[in-house]
Number of protein chains: 2
Amino acid sequence: MSGEEAPTQQQQPEQEKTDTADESTPAAAGAPQESGSSPSTEEKPISWRSVVLMGYGGYDKVKLQVKTQNKPQLKAGEVLVCIKACGLNFAELLARQGLYDLLPAPPVVMGMEGSGVIEAVGESVEDRKVGDRVIVFSRSGIWQELVVASANSTFPMPEQMSFEEGAALPVNYLTAYMILFDVANLRPGKSVLIHMAGGGVGIAATQLCHTVEEVIIFGTASASKHETIAQGGVTHPIDYRTKDYVEEIHKISPKGVDIVLDPLGGSDTQKGFGLLKPLGTLIVFGAANCVTGQRKNLLAMAKTWYNQLSLNTLKLMQANKAIAGFHLGHVSEELISNTMHKLLELYVQGKIKPHIDSCYHFEEVGDAMRRMHERQNIGKIILLPEPKKKDEEPKSNAEPAEEVEKNESAATEKKEDASEEVKEEKD
Amino acid sequence: MSGEEAPTQQQQPEQEKTDTADESTPAAAGAPQESGSSPSTEEKPISWRSVVLMGYGGYDKVKLQVKTQNKPQLKAGEVLVCIKACGLNFAELLARQGLYDLLPAPPVVMGMEGSGVIEAVGESVEDRKVGDRVIVFSRSGIWQELVVASANSTFPMPEQMSFEEGAALPVNYLTAYMILFDVANLRPGKSVLIHMAGGGVGIAATQLCHTVEEVIIFGTASASKHETIAQGGVTHPIDYRTKDYVEEIHKISPKGVDIVLDPLGGSDTQKGFGLLKPLGTLIVFGAANCVTGQRKNLLAMAKTWYNQLSLNTLKLMQANKAIAGFHLGHVSEELISNTMHKLLELYVQGKIKPHIDSCYHFEEVGDAMRRMHERQNIGKIILLPEPKKKDEEPKSNAEPAEEVEKNESAATEKKEDASEEVKEEKD
């Protein structure tokens, strides 16, 4: 059953008019404007690149498109951003398989986070101006060269922050911050288990744990990542692929841990719950165990579903433990905005700093997804709208893929059908 | 099926030797001693009163006994406390019905908290001395005139604290504090739903909420208690008996609340979970809905069990909510000790102050239990080891019982079999 694919929608021809699939950040065009909304005189179509999910399935469902369109009319409160870098998240791997319900139906421009420069501002926008370097956060629609966004969903970047860092910040750091400080109650002396400690959220959580005194961090990752995550602040790196992490943690801390960050789901949630100390909290914020092959795997989903922790309240009382679910997509804009400002402050203070694993150009989005799928990345994978230059050097600052052991689940699927999945289309 | 009773154990004759049913606080005797453990020369039996659970069932299973016994030999680290006041808790109502698994099997001296004066100290006890006024906290064994306890489970009382206040502090305030600050993460501006807001934990939680800025408190209680709980700090008192509290809360706060304290269980847990805002936490710390009549009610238990919230982790993620269980009996001694010191500091600062509902003598323990069972109390019910004097005035400073409406569930059982359930036995 591995690799079973959901029905895919037929690939659409290049769109010529405004894409309305995503209301929150409609695809938009615009040459730099000085200020204010412009009357629709002298309209001149312009072109820009975007990464579009055409249907559910493998890497081949994600296409680079070049759209040509009239200049957009900004509404009051909106800004036009020229995107310089975007973040890739695990949610996009789920979304491509049809497993992420907050992404509008295909065809849709993917992407939840990016950074760039403001090219135009609509009416009533007072705290942003043309030329501002900003981070943009939205539910979708960010993986394109030009994005129309509400000014409220943009955040001015500190001077010393690179575009890659800006694009790497929102999803991973908002998730880690809210889990540690809004859902759980991280305080001095507590212990935390971070799964996938070399991933984007894992590295963010490790850095944020260190903003609190004497926190002990257990981090699971394959052995090749241990040196990096230990340098990053993980107290006890554990190779989950050669050792039983429950046993390893019990050897070091017989009573277990205070907080478990669980992006995996399934049987790992049960193990994590068992590892909690009394008054401890487990937070489930993903179902990475659902994702094995390149396409939706019904068997993996069924296993994850079957093995998920089911609880009743009497059991929770007897155990004296808490279990929480977290989904950034359901958090209020107000809390996101407040937390983004705290994170930017922590960045300026030097307490957090996104770790960039690698940068891929839009036309390489399939390779970028595969790198994350196979858990080869340490830190954030970035997508760049700018076309790749000929003879450009490899974009990863991590170990070459050959030297990194593959995740066992990812390794179950052959890679042969994953080549050439992204085609550049021009009109 | 109402009032179905578990098999009860035969009542035992008066014991003459040391009661060994409860290891953590063995029943103990002792005239005041100067210090240290005394050699067992010149032993002279002494007598003291205690409240003993003889078997599971109605109020008649709780007996006042007078024990006569040799002076105990204190072990190293132990102290002998002459108890002046004890606290009654809902757990003792559950325990009498055989529904509290942490109480040793009957016959057993009940009681988890009390206050009194140290009469003797064992070897190696350096920070307690004869004459110290202390609070004592244990899993059982406190409802007696003389208690042998580990010095570590005693806490020196501030000068201005009465014995009644000291006895009222541990269970209610430890529970409320840990729920609000260790399990949930109460912070400025948050909203909290407190069920049974006129009860011991309810009043403690209300006071502790006010140690944080701008917390909004919704409190359920029968209408007769509203004036008192509003004065105590409940922002929005709600009469759960004449109104749907879910509707009432939604009228005031359409998005719901951040924290729900749930001592009820069953369908109320489901309602509470529904009331949570995203990132909110519900804490289940009791099953008061199980207790309807005087004896174990299998139907009420089945209903509570059937209606309890069952959750899987995917549902939690979609809801973006947390659910926790809390049981003071499973908390480490270290955390209890640390929290007691924080609570005593808050008392000295005038930020918390136990509200004493009424005081009953040991021989009136059945009346005391009935008052709590029928939810007539506002605040703490205290038990006094000292015998009741003839012509003593009524001991309650709350409304006379006749004027307080009865809880509907408690009212389903006739009171006639509850008279004369406590008999004083002397040898």
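Counting starts from 1 at the beginning of each chain's written sequence and moves along it residue by residue. Lettering of chains starts at A and numbering of ligands starts at 1, both following the order in which they are written. Per-residue local features of the predicted model are confined to residues with pLDDT of at least 70, and side-chain atom pairs are confined, for both listing and counting, to 80 or more; whole-chain, interface and lining totals are unaffected and use all residues. Note that the side-chain values use all heavy atoms of the structure and ignore hydrogens as well as water.

Trainee: I would appreciate a short explanation of the interface of chain B and chain A in the present structure.
Mentor: Reports of interface size often rely on the accessible area that becomes lost once the parts have come together. Each side of the interface is counted separately: chain B has 34 residues, and chain A has 34 residues. Summed over both partners, the interface of chain B with chain A comes to about 3,100 Å²; 56% of that surface belongs to carbon and sulfur atoms. Summed over both partners, the accessible area (1.4 Å probe) lost when two parts come together is defined as the buried area. For chain B, the biggest contributors to the area lost against chain A are B:Leu279, B:Thr313 and B:Met317; these three give 21% of the whole. For this analysis, a salt bridge means a side-chain nitrogen from Lys or Arg found within 4 Å of a carboxyl oxygen belonging to Asp or Glu. Put simply, chain B and chain A have two salt bridges between them. Across the salt bridge formed by A:Asp182 and B:Arg187, the nearest N and O atoms sit 2.5 Å from each other. N or O atoms within 3.5 Å of each other form a polar contact, as long as, within protein, one can give a hydrogen and the other can take it, and as long as residues adjacent in sequence are counted only when both atoms are side-chain atoms. In this assembly, chain B and chain A are joined by 13 residue pairs in polar contact (both at pLDDT 80 or more). For helices the rule is a DSSP run of H or I covering at least 4 residues; for strands it is a run of E covering at least 2, with both sets numbered from the N terminus onward. Counting only elements with at least two residues in the side of chain B that touches chain A, the list comes to α3 (170–183), β13 (276–284), β14 (310–312), α9 (313–319) and β15 (322–325) of chain B. Here a residue-residue contact requires only that any non-hydrogen atoms of the pair lie within 4.5 Å.

Trainee: How do you make sense of the domain arrangement of chain A when you look at a structure like this?
Mentor: Residues and elements named next belong to chain A. Each domain's extent is set by a domain assignment, obtained either automatically or from a database. The domain architecture assigned to chain A consists of domain 1 (46–168) and domain 2 (171–353). Computed from C-alpha coordinates alone, the two centres of domain 1 and domain 2 are separated by 28 Å. Here domain 1 packs against domain 2, burying approximately 2,100 Å² in sum over the two surfaces, 66% of which is carbon and sulfur. Of all residues in domain 1, the largest losses of buried area upon contact with domain 2 belong to Gln 97, Phe 137 and Phe 155, amounting jointly to 27% of the total for that side. Of the charged contacts in the structure, one is a salt bridge between Glu 165 and Lys 353, with a shortest N-O distance of 2.6 Å. Counting across the interface, domain 1 meets domain 2 through six residue pairs in polar contact (both at pLDDT 80 or more).

Trainee: How do you make sense of helix α7 (residues 267–275) of chain B when you look at a structure like this?
Mentor: Each α-helix turn comprises 3.6 residues. Residues three or four places apart therefore point the same way. Classification of residues uses two cut-offs on accessible area relative to the type maximum, computed with a 1.4 Å probe and protein chains only: under 20% is buried, over 50% is exposed, and between them is partly exposed. Regarding α7(B), the residues found buried are B:Asp268, B:Thr269, B:Gly272, B:Phe273 and B:Leu275. Along α7(B), the residues classed as buried sweep out an arc of 160° about the axis, all on the same side. Along the arc lie the directions from the helix axis toward the C-beta atoms.

Trainee: What is the right way to read the pattern of salt bridges from this model?
Mentor: Between side chains of opposite charge, a pair can form as their charged atoms come close. All names here are of chain B. What the rule picks out here adds up to 22 salt bridges over all chains. Across the salt bridge formed by Arg 370 and Asp 367, the nearest N and O atoms sit 3.4 Å from each other. In this pair, Arg 370 and Asp 367 both sit in helix α11 (residues 365–373), three residues apart, roughly one turn of the helix. Accessibility expressed as a relative area gives 34% for Asp 367, which makes it partly exposed.

Trainee: Honestly, the pairing of strand β5 (residues 113–121) of chain A in this entry has me stumped. Any pointers?
Mentor: Residues in a regular strand project their side chains so that they alternate between the two faces of the sheet. Residues and elements named next belong to chain A. With eight of its nine residues buried, β5 lies for the most part within the structure. In this analysis, strands are considered paired if DSSP registers two or more bridges between them. Relative to β5, strand β3 (residues 78–87) runs antiparallel, the two being bridged by seven bridges. Along β5, the bridge assignment pairs Cys 86 with Gly 114. In this structure, β5 lies alongside strand β6 (residues 133–137), joined through five bridges in antiparallel fashion. Bridge pairing in β6 links Val 117 to Arg 133.

Trainee: I'm lost on the packing of aromatic side chains in this one. Help?
Mentor: For any pair of aromatic rings, the description rests on two quantities: the centre-to-centre distance and the angle between the ring planes. All names here are of chain A. Only rings of Phe, Tyr and Trp enter the pairing, Trp through its six-membered ring, and a pair is recorded when the two centres are within 6.5 Å. The plane angle decides the type: under 30 degrees is stacked, over 60 is edge-to-face, the rest tilted. By the definition in use, this model includes two aromatic pairs over all chains. Judged by centre distance (4.8 Å) and plane angle (55°), the ring pair of Tyr 177 and Phe 181 falls under tilted. Here the residue Tyr 177 and the residue Phe 181 both occupy positions in helix α3 (residues 170–183), the gap between them amounting to four residues, near one helical turn. Residues Tyr 177 and Phe 181 agree in their burial class; the two are buried. Throughout this description, the term charge over a ring refers to an Arg CZ or Lys NZ atom that lies within 6 Å of the ring centre and within 35 degrees of the ring normal. Across the ring face of Phe 273, the terminal group of Lys 321 is positioned such that the distance to the ring centre comes to 5.1 Å.

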